[in-house]
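Summary of the model geometry
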Amino acid sequence: MDFKDIIWQPQEIERESMRQVAEFLKSFNLPPAEKAVVSRIIHTSGDPELGSQVRFHPRAVAQGLAALRAGVDIYTDVTMLQSGINSRRLAELGGQIHCAVHSEEVVAEAKERGITRSAVAMERFGNRLQGQVVAIGNAPTALYTLMRMMKEGLQPALVVGMPVGFVGAAHSKELLSQMDLPHITILGTRGGSPLAAATINALLYYK
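Now for a quick tour of the structure. As the structure is a computational prediction, the values presented were derived from the model and not from experiment. (Residues numbered from 1 in each chain as written. Predicted model: local features only at pLDDT ≥ 70, side-chain atom pairs only at ≥ 80, totals over all residues. Heavy atoms only, no water.)

A closer look at the overall build of the chain
When helices and strands are counted, the chain shows 11 helices and 6 strands. Viewed in the frame of its principal axes, the chain has a C-alpha envelope of about 60 × 35 × 30 Å. Within the chain, the proportion of its 207 residues that are buried is 47%. Contacts spanning at least 24 positions in sequence make up 61% of the contacts within the chain whose residues lie at least 6 apart. Looking at the chain as shown, the accessible area adds up to about 10500 Å², and 52% of this sits on carbon and sulfur atoms. On the chain, the mean spot of the 21 positive side-chain charges and the mean spot of the 20 negative ones are 2 Å from each other. (Helix = DSSP H or I, 4+ residues; strand = E, 2+ residues; numbered from the N terminus. Buried < 20%, exposed > 50% of the residue type's maximum accessible area, 1.4 Å probe, protein only. Contact = heavy atoms within 4.5 Å. Areas by Shrake-Rupley, 256 points an atom, 1.4 Å probe, with all protein chains shown as cover. Lys, Arg positive; Asp, Glu negative; His and termini not counted. Charge placed at Lys NZ, Arg CZ, Asp CG, Glu CD.)

Now the structure itself:
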């Protein structure tokens, strides 16, 4: 079928896109669930080179899948990521999505302390993050804050850490990749809410 015909058919677009992504991933020796995540990241970004930058903690996928299927909640750093996660599918499993970056209390405290709202929101979530899934797609400060909390004993079921940008993003993700707690990240400056959402959605729909 010619691409000029395919582009008018949503299902064909999806099918052909994933076929091409599968071709890119033929040389990757990944377990099926990890391959499903990387496939969605490449599909969302349109960038096959990202496949080699994704890092999985050995327990990340198994523990993340188990947690989501048990109905845990997901906590995000920004509303863009919150909006990108399939809340209906999550609700079917018994979970909800939380983001506090725009709450009045968070805004006021961040202004008073002179730090980012995403960092304050993570602090305010506190022990509610225990055993839950945390997804960060924008703010390195949220990831730094979360990692500090993890060093102090907090243990989320899974951290999807994918902040994006040139100030702090690569460093924060490098530190995350060295932690012995379940996480999925993308090394370097690339990342973002769409890729973090794609990762979560891949897990939500994995069978």
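Looking at the environment of Gly84
Structurally, the position occupied by Gly84 is in helix 5 (residues 79-84). C-alpha of Gly84 to C-alpha of Leu195: the two residues are 111 residues apart in sequence and 9.3 Å apart in space. Contacts of Gly84, omitting those with residues within four sequence positions, involve Ala197 and Asn201.

Topic: the packing of aromatic side chains
This model, assessed by the stated rule, comprises 1 aromatic pair. Seen from their ring centres, Tyr75 and Phe125 are 4.8 Å apart, and the 70° between their planes marks the pair as edge-to-face. Here Tyr75 is found in strand 2 (residues 74-76), whereas its partner Phe125 is found in helix 8 (residues 117-125), with 50 residues between them in sequence. Both residues of the pair, Tyr75 and Phe125, count as buried. In this structure, Arg89 is placed above the aromatic ring of Tyr205, and the distance from its NZ or CZ to the ring centre is 5.8 Å. (Phe/Tyr/Trp six-rings, centres within 6.5 Å; stacked < 30°, edge-to-face > 60°. Lys NZ or Arg CZ within 6 Å of the ring centre and 35° of its normal.)

Topic: the packing of helix 3 (residues 32-45) against helix 11 (residues 193-205)
Running from N to C, helix 3 and helix 11 cross one another at 145°; their axes reach a closest spacing of 8 Å. The two elements helix 3 and helix 11 meet at a crossing, and its hand is right-handed. Contacts from Ala36, Val37, Arg40, Ile41, Thr44 and Ser45 in helix 3 reach Pro194, Leu195, Ala198, Thr199, Ala202 and Leu203 in helix 11. Partitioned by chemical class, the residues of the contact of helix 3 with helix 11 number 8 nonpolar, 3 polar and 1 charged. (Axes fitted to C-alpha atoms, helices over the stretch in contact; angles between N-to-C directions. Left-handed = near helix turned anticlockwise from the far one by under 90°. Nonpolar A, V, L, I, M, F, W, Y, C, P; charged D, E, K, R; others polar.)

Considering the pattern of salt bridges
Within this structure, the stated rule accounts for 12 salt bridges. Here Arg148 and Glu123 are joined by a salt bridge, their closest N and O atoms 2.9 Å apart. Of this pair, Arg148 sits in helix 9 (residues 140-151) while Glu123 sits in helix 8, placing them 25 residues apart in sequence. Under the relative-accessibility criterion, Arg148 is labelled partly exposed at 37%. The class for Glu123 is partly exposed, based on a relative accessible area of 27%. Across the pair Glu152 and Arg148 runs a salt bridge, and its minimum N-O distance is 3.7 Å. (Salt bridge = Lys/Arg side-chain N within 4 Å of Asp/Glu carboxyl O.)

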